[in-house]
Amino acid sequence: GRIPLHLFREHLPAAIVDALPMASGSASLDVTAQSITPAVLAPFVDAEALAQIDGVLDASARLEADALDAAALRGDVRLDRLDVRVAGLPVTQREPTRVEIGNGIARVASWQWAGQGATLNVQGEIGLTSQQAALLAAGVIDLRLLSPFLRTAGMTIAGSLAPRFSISGSLANPRLDGEVALTAAEVRLAEPRLIATGVDAFAVLTPDSARITSLAGVVNGGALTGSGEAHYGPGVSPSARLPATIAGMGLEFPEGLRSELNADLALAVARHGEQTSGALTGTVTVVRSAYREPLAVAAGLLTALRTEQTIAAQAEPDAFASRLALDVRLVTDSDVIV
């Protein structure tokens, strides 16, 4: 890089200006970073998740300026190579991603990511002096990309998420508008054993809210329907409410107790300051249920109590689960067969 001293003339004492030779010309900076590996994520991602991320990035920037002013900056910033695989899914680019800078504006000249894992197209510009944004983004994301980060939760996920949104207005308070579509999603939870398949959902995004207009799928053989809404924005405590119903869901929990359930539940979540709390309310109706395993009542009760004490001892005091209020009514339509 090179920065001529004459660019600082207005900020230096007259004695220094008179004593030092003031070289002319423009300031310039050339930066190249090659073969950036996923190792840079080590401080932020656990070792098991990092083991499923592979690939390299090359990036470069070439900038010039005739004055110490964002309006005088010109040049470009490039992502010369994008060759990444997450959970075995490739993410690449059709041509180098490039942002051109000039006249106080950073403009997206080329941003077309493609691959089995994700596609993403971005258009628009950001005013470096006005601090105003005008961006459009659309793409499709394979949810299996999230698998490395969900392993510790005993969960796997699949399906596709298609976001389409715009960002406009001041960078200090940008306006977000758009929509998100979830298609053929599948979620598998190890404990309790839950399998949700064919989940489709559609959400509309506004500057201060997100509204799920449709939600449908199958959970353990039962039909899932629902909706939801979330509120956020400056001066508003973020909150969300997600009501859902499931009809005819099969469940084995605890182990050996097999039930067919209907559920009408609502999850409400709110954030106050640095803490997030919530409440799960509604009714669960046991249509039919049977326990057909050998049963030792005293031993079973002791095991349940010990398990509950162990979980309570190991639970993080600040975990969300410790601040989740439960108000769920359990109703049996018929006798439980033991």
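A quick note: this is a predicted structure, and the numbers were derived from the prediction, not measured.

A. Here's a closer look at the overall build of the chain. Counting its secondary structure elements, the chain contains 4 helices and 19 strands. In terms of principal-axis extent, the alpha carbons of the chain reach across some 95 × 40 × 40 Å. Taken over 338 residues, the chain has a buried fraction of 25%. The contacts of the chain with a sequence gap of at least 6 include a subset with a gap of at least 24, amounting to 44%.

B. Here's a closer look at the pattern of salt bridges. Scanning the entire structure with this criterion turns up 11 salt bridges. Note that Asp142 and Arg144 form a salt bridge whose closest N and O atoms lie 2.8 Å from each other. In this structure, the salt-bridge partner of Glu252 is Arg258, at a minimum N-O distance of 3.9 Å. One network of salt bridges, with partners in common, ties together Glu64, Asp66 and Arg74.

C. Highlighting the pairing of strand S6 (residues 105-110). Where strand S5 (residues 97-102) lies against S6, 5 bridges are found, and the strand directions are antiparallel. What sits directly across from Arg98, in S6, is Ser110. Linking S5 to S6, which pair antiparallel, is a turn of 2 residues; within it Asn103 sits at a positive phi near 55 degrees.

D. Local environment of a nonpolar patch on the surface. The grouping of Leu5, Ile16 and Leu20 at the surface amounts to a nonpolar patch, some 220 Å² of accessible area in total. Secondary-structure assignment places Leu20 in the loop between helix H1 (14-19) and strand S1 (27-36).

E. Fine view of the packing of aromatic side chains. The tally for this structure, following the rule as stated, stands at 1 aromatic pair. Aromatic pair Trp111 and Trp113: ring centres 5.5 Å apart, planes at 35 degrees, arrangement tilted. With relative accessibility at 24%, the residue Trp111 sits in the partly exposed group. Trp113 gets classed as partly exposed once you look at its relative accessible area, which sits at 23%.

F. Here's a closer look at the nonpolar core. Counting 14 residues, the largest nonpolar core has Val219, Ile246, Met249 and Leu261 as the members making the most contacts within it. Elements that contribute at least two residues to this core include exactly strand S12 (194-206), strand S15 (239-252), strand S16 (257-272) and strand S17 (275-291). In contact with Met249, not counting residues within four places along its chain, are Leu194, Val219, Asn220, Gly222, Ser259, Glu260 and Leu261. Ile53, Val86, Leu89 and Leu145 belong to the second-largest nonpolar core, a separate cluster that totals 9 residues.

G. Quick look at the environment of Ile126. Structurally, Ile126 is set in strand S8 (residues 118-127). Relative accessible area serves as the criterion here: at 26%, Ile126 is assigned to the partly exposed category. It is 8.6 Å that separates the C-alpha atoms of Ile126 and Leu171, two residues lying 45 residues apart in sequence. Apart from residues lying up to four places away in sequence, Ile126 is in contact with Gly104, Ile105, Ala106, Gln132, Ala133, Leu135 and Leu171.

H. Structural context of the pairing of strand S9 (residues 132-142). In this sheet, S9 lies alongside S8 in antiparallel orientation, the contact comprising 9 bridges. In the strand pairing of S9, Ile126 is matched with Ala133. The turn joining S8 and S9, which pair antiparallel and follow one another in sequence, is formed by 4 residues; a positive phi near 60 degrees is taken by Gln131. In this structure, S9 lies alongside strand S10 (residues 155-170), joined through 9 bridges in antiparallel fashion. Paired with Leu135 across the two strands is Ile167, which belongs to S10.

I. Just the side chain of Thr97, in detail. Following the sequence through the fold, Thr97 ends up in strand S5. Within the structure, Thr97 has its side chain in polar contact with the side chain of Trp113 (distance 2.9 Å). Sequence-distant contacts of Thr97, defined by excluding residues within four places in its chain, comprise Val77, Arg78, Leu79, Ser110, Trp111 and Trp113.

J. Here's a closer look at the side chain of Ser110. Note that Ser110 resides in strand S6. Judged by relative accessible area, Ser110 falls into the buried class, the value being 6%. Polar contacts involving the side chain of Ser110 include one to the main-chain carbonyl oxygen of Pro96, which spans 3.5 Å. Leaving out residues up to four positions away in the same chain, Ser110 has contacts with Glu95, Pro96, Thr97 and Arg98.

K. Representation of unusual backbone geometry. Even without being glycine, Ser35 reaches a positive phi, approximately 55 degrees. Here Ser35 falls in the partly exposed class, since its relative accessible area comes to 44%. Residues other than glycine seldom take positive phi values, yet Gln131 does so here, at roughly 60 degrees. Tracing the sequence through the fold places Gln131 in the loop between S8 and S9.

Conventions adopted
Residues numbered from 1 in each chain as written. Predicted model: local features only at pLDDT ≥ 70, side-chain atom pairs only at ≥ 80, totals over all residues. Heavy atoms only, no water. Helix = DSSP H or I, 4+ residues; strand = E, 2+ residues; numbered from the N terminus. Buried < 20%, exposed > 50% of the residue type's maximum accessible area, 1.4 Å probe, protein only. Contact = heavy atoms within 4.5 Å. Salt bridge = Lys/Arg side-chain N within 4 Å of Asp/Glu carboxyl O. Pairing = 2+ DSSP bridges. Patch = residues over 30% accessible without salt bridge, like charges linked within 9 Å, V, L, I, M, F, W, Y side chains within 5 Å. Areas by Shrake-Rupley, 256 points an atom, 1.4 Å probe, with all protein chains shown as cover. Phe/Tyr/Trp six-rings, centres within 6.5 Å; stacked < 30°, edge-to-face > 60°. Core = buried A, V, L, I, M, F, W, Y, C linked by side-chain atoms within 4.5 Å. Polar contact = N/O pair within 3.5 Å; in protein donor to acceptor, adjacent residues only side chain to side chain.

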